[in-house]
Amino acid sequence: MANSSSGGFRESIPSLQNLAPAASAVKLASLALITGVSLLGNVLLSVLLLRDRSLRKPPYFFLLDLCAADALRATVCFPFVMASVGGGSAWPLGSLGCRLVAFVSVLLSFHGAFLLLCVSVSRYMAIAHHRFYSKRMSACTCAAVICVAWTLSAAMAFPPVFDVGTYKFIAEEEQCIFEHRFIKSNDTLGFMLMLVVVVGATHVVYIKMLCFVYDHRKMKPAQLVPAVSQNWTFHGPGATGQAAANWIAGFGRGPTPPTLVGIRQAAHPGNRRLLVLDEFKMEKRIGKMFYMITLSFLLLWAPYIIACYLRIFVRGAPVPQLYLTAAVWMSFVQAGVNPIISFLFNKELRRRLRAGFPCCPGTQTPMEPYCVI
């Protein structure tokens, strides 16, 4: 009986070893698919944003930067991961190459988090303070915000290059990345806390924007305010058009009546009106699109962040290899989902994409107004 059990155990070892080539093939195929989808989607969306003049607006400048960062990550980082998987979990380059690739990977990951935080603040300003947003948010302002996001991400990614922490090849993850060790052995906690705080603050801003929209959707009862009469010239909040007619006819010497309801006064070229219904709907749709991008960032990075915290707070935490591989590959998927979400939740982008291909049938409807007048 013992011989049969030991023989079965010996037979299970080769079977597990036979699964290794199949697992490597699945990893290579899935990562190649992720890389292709990421490059195709991000390049297509970037070309669309650059070619179409109607899409050269502040929200889409941020989206263009996100596409460029994801395409760069898929081009620079993913091929080396595929090379390590094909080489049997071995790093093909030296220590310096590992640090450079790890630096680029961490830089682009933190840049996505910081930029999404800046986008959430701009979306809140567009909804809650649209007059200030329309005056101040220009192409130069967007470029400054993007530069700030790159600077903050570089400040987070640079210290491990100079041995403040460790950039090394992690065989279990098939990539060069920051080595997450126990809290008393490494300073990984600061990096992970910063990432969690930035993502959490982004969701707090969106929740605040949602509360603002909900509060302003409440119907308030109409209050009738009586007009003030002075020699048959009615004025005040409750005055109607009859006041203007009486004043023009010469009845009384009262003050100038208010402007007739429904007639817009001639505005100066520098003045801008408040956010109208069409613009408000478009701002909400763009905000929904960016929130879905932010939510996908959180959901796809959450399993890997949990694994990192287990390594930080639990010495020698036994993270299952299958879970760790799935978590790492989910973080790779994040580089290719932004264009898909953008086209799904923004009908303006879909309309402009169809307009760019004459072979696609469909009626060309006028675009909704975005710029204030």
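Residues numbered from 1 in each chain as written. Predicted model: local features only at pLDDT ≥ 70, side-chain atom pairs only at ≥ 80, totals over all residues. Heavy atoms only, no water.

Caption draft 1: Spatial organisation of the overall build of the protein chain. A tally of regular secondary structure across the protein chain gives eleven helices and four strands. Scored against the burial criterion, the 373 residues of the protein chain give a buried share of 40%. For the protein chain, long-range pairs separated by at least 24 residues make up 73% of all intrachain contacts whose partners lie at least 6 apart in sequence. In the form shown here, the protein chain has an accessible surface area of approximately 20700 Å², with 69% of it arising from carbon and sulfur atoms. (Helix = DSSP H or I, 4+ residues; strand = E, 2+ residues; numbered from the N terminus. Buried < 20%, exposed > 50% of the residue type's maximum accessible area, 1.4 Å probe, protein only. Contact = heavy atoms within 4.5 Å. Areas by Shrake-Rupley, 256 points an atom, 1.4 Å probe, with all protein chains shown as cover.)

Caption draft 2: Up close: the state of the cysteines. Inspection of the entire model under this criterion finds one disulfide. The side chain of Cys98 participates in a disulfide bridge whose partner is Cys176; the two sulfur atoms lie 2.0 Å from each other. Across the S-S bond of Cys98 and Cys176 the torsion is about -115°, and the bridge reads as left-handed. Taken together, the residues span a long stretch of sequence, with Cys98 in helix α4 (residues 95-128) and Cys176 in strand β2 (residues 175-178) at a distance of 78 residues. An identical accessibility class is assigned to Cys98 and Cys176; each is buried. For Cys77, which is in no disulfide, the shortest distance to another cysteine sulfur is to Cys176 and amounts to 10.0 Å. (Disulfide = S-S within 2.5 Å.)

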